[in-house]
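Working through the structure, step by step
Take a look at the letters that make up each chain.
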Amino acid sequence: MDVLYFAWVRERIGLPREKVETSANTVMELVEELKSREERYAAAFADISALRVALDQELSEFDAPLEGVREVAFFPPMTGG
Amino acid sequence: MDVLYFAWVRERIGLPREKVETSANTVMELVEELKSREERYAAAFADISALRVALDQELSEFDAPLEGVREVAFFPPMTGG
Amino acid sequence: MRVEVQEAPFDVGAVTSEFTSGAKGAGAIVTFTGVVREADAGAMTVMEIEHYPAMTQKALEQIATQAIERWSLADALVIHRFGRLSPGDQIMMVATASRHRKDAFEAAEFLMDYLKSRAPFWKKEILNDGSADWVAAKDGDEKALERW
Amino acid sequence: MRVEVQEAPFDVGAVTSEFTSGAKGAGAIVTFTGVVREADAGAMTVMEIEHYPAMTQKALEQIATQAIERWSLADALVIHRFGRLSPGDQIMMVATASRHRKDAFEAAEFLMDYLKSRAPFWKKEILNDGSADWVAAKDGDEKALERW
């Protein structure tokens, strides 16, 4: 599964994307897995309410299932316009 | 005093402007004077609620005084934009 | 502030470009352009716009000044044509520039609502069959003013 | 419908002109242009805009399609830049065309509200003193969506 990071999430984790082998069933389970890896992940995901997630380029929720999903992206609230 | 007519008021009365000698104190008195002149004036001013008046190029009311006014204009509701 | 009352066409692109680059410090630019549509009933060949020359410029400047003060605009623009126009012709435009988008949108809508009912223009539609009708003011246009 | 996500500047005059003359049957054209302002705190030298390429075009097309359907627009346009911009640079624009002015205004405001909080762009302000800050989303921007 491709996992992408944008804006300060990318900066905190230190890379824009990575391949992740996971058996997580939901976004939240994936987040917990990543947080347990290293301090920089724990820091980036410390406050989930400050983050947004997209599954296969569609905005989604943290309790959404990951089945069939090929690309997960984490980022702060958007600031377009 | 210059009296101006626009749009269908001008068409009904048959001229765009004229000099009027009047001792009318208010717009309404001027309207009554004009109506008593000829049928085309009576027709143009038959329904005052369908008309607007400007005194010296400022929108005004039919009960406004005419003292000091040099130009009175009658026209239907505006349709700009 | 720029207010133009003219018979000639205007170049909406050039005006927008100049207005946008001239509005220093603004973060938000809104433009509205009005285009002559076919009449609702029947095919229109010509729209004739009459106005009250001595009053028009003054009325538009008052409206634009009100908008600038009320929304602290960086700039505002109004162009309105008169004379004979055809369907598809651009009849008028307004532009507003402000720090934030809400002000620019509100000020542009305010200008449009006032232009519709307070600027001394009158439209006449001349149809293909030769008949001609003065466009009637809409109740909604007068009501639109109440929110400001 | 036209949706462009690009690093290069766009010509707001040329885009407005083309959009306006291309919107057949429309009586009302509204454009909004966003310009990079100085940061509220301190002097900004550069604004960096990051985006999510695989998602951006898709998200903008969805938003524009929604606007077209909901307000029966004759046409809609969205241009949004990414990369390094300076104060005074034009960052994005939307345009809407409809029969009546109310729809064109509402649809343009809807597009802006959605772009602010639903299109995958992130802004970073780099100040004169070398410090850099990601622009925080405003509560008001999220609230603005509730009216639609």
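1. A few points about the overall build of chain C
Within chain C, the secondary structure is distributed over 4 helices and 8 strands. Each helix (α) and strand (β) of chain C, taken in turn from the N terminus, gives the series β-α-β-β-α-β-β-β-α-β-β-α. Taken against the 2.2 N^0.38 rule, which gives 15 Å for 148 residues, the C-alpha radius of gyration of chain C at 16 Å falls within 12% of a compact globule. Taking the principal axes of the C-alpha coordinates as reference, chain C spans close to 50 × 35 × 30 Å. Out of the 148 residues belonging to chain C, those deemed buried represent 56%. The long-range share in chain C, meaning contacts at least 24 apart out of those at least 6 apart in sequence, stands at 77%. Charge-centre separation for chain C: the mean point of 17 positive side chains lies 5 Å from the mean point of 23 negative side chains.

2. Some points on the overall build of chain A
Counting its secondary structure elements, chain A contains 3 helices and 5 strands. Taking 12 Å as the expected radius of gyration for a compact globule of 81 residues, we find that chain A reaches 12 Å, a close match to that expectation. Here the C-alpha coordinates of chain A stretch approximately 30 × 30 × 20 Å along the principal axes. Out of the 81 residues belonging to chain A, those deemed buried represent 48%.

3. Quick notes on the interface of chain D and chain A
One frequent convention defines the size of an interface as the accessible area lost when the parts assemble. Each side of the interface is counted separately: chain D has 25 residues, and chain A has 21 residues. Counting the surface lost from both chain D and chain A, the interface buries some 1,900 Å², and carbon and sulfur atoms represent 56% of this. When the area that chain D buries against chain A is broken down by residue, the three leading residues are Tyr52, Trp122 and Trp134 of chain D, summing to 34%. Our enumeration of links across chain D and chain A arrives at 2 salt bridges. Close ionic contact of Lys124 of chain D with Glu11 of chain A constitutes a salt bridge, the shortest N to O distance being 2.3 Å. One can count 15 residue pairs in polar contact (both at pLDDT 80 or more) joining chain D with chain A. Of all the secondary-structure elements, those providing two or more residues to the side of chain D that touches chain A are β3 (44–51), α2 (53–70), β6 (90–98), α3 (101–118) and β7 (121–127) of chain D. A total of 5 residues in the side of chain D that touches chain A trace back to one element, the largest contributor, which is α3 of chain D. The class makeup of the residues in the side of chain D that touches chain A is 15 nonpolar, 4 polar and 6 charged.

4. A closer look at the interface of chain D and chain C
The interface is formed by 31 residues belonging to chain D together with 30 residues belonging to chain C. Between chain D and chain C, a total of about 2,500 Å² is buried, with carbon and sulfur atoms accounting for 55% of that surface. If you sort the residues of chain D by the area they bury against chain C, Arg37, Arg101 and Phe105 of chain D come out on top, with a joint share of 28%. If you look at where chain D meets chain C, you find 4 salt bridges. Residue assignment for the side of chain D that touches chain C shows that the elements contributing at least two residues are α1 (12–22), β2 (28–35), α3 and α4 (139–144) of chain D. Along the lines of polarity and charge, the residues of the side of chain D that touches chain C split into 11 nonpolar, 11 polar and 9 charged. Of the strand pairs in this sheet, strand β2 (residues 28–35) of chain C and β2 of chain D are connected by 7 bridges, and their pairing is antiparallel. Note on β2 of chain D: the bridge partner recorded for Val30 of chain C is Phe32 of chain D.

5. A closer look at unusual backbone geometry
Negative phi characterises most residues that are not glycine, and trans characterises most peptide bonds. The backbone of Ala7 of chain A sits at a positive phi, close to 55°, despite the residue not being glycine. Counting through the fold element by element, Ala7 of chain A comes out in helix α1 (residues 7–13). Located in the positive-phi region is Ser72 of chain C, a residue other than glycine, with phi close to 45°. Ser72 of chain C gets classed as exposed once you look at its relative accessible area, which sits at 61%.

What counts and what doesn't
Residues numbered from 1 in each chain as written. Chains lettered and ligands numbered in written order. Predicted model: local features only at pLDDT ≥ 70, side-chain atom pairs only at ≥ 80, totals over all residues. Heavy atoms only, no water. Helix = DSSP H or I, 4+ residues; strand = E, 2+ residues; numbered from the N terminus. Rg over C-alpha atoms; globule rule 2.2 N^0.38 Å. Buried < 20%, exposed > 50% of the residue type's maximum accessible area, 1.4 Å probe, protein only. Contact = heavy atoms within 4.5 Å. Lys, Arg positive; Asp, Glu negative; His and termini not counted. Charge placed at Lys NZ, Arg CZ, Asp CG, Glu CD. Buried area = accessible area lost by both parts, 1.4 Å probe. Salt bridge = Lys/Arg side-chain N within 4 Å of Asp/Glu carboxyl O. Polar contact = N/O pair within 3.5 Å; in protein donor to acceptor, adjacent residues only side chain to side chain. Nonpolar A, V, L, I, M, F, W, Y, C, P; charged D, E, K, R; others polar. Pairing = 2+ DSSP bridges.

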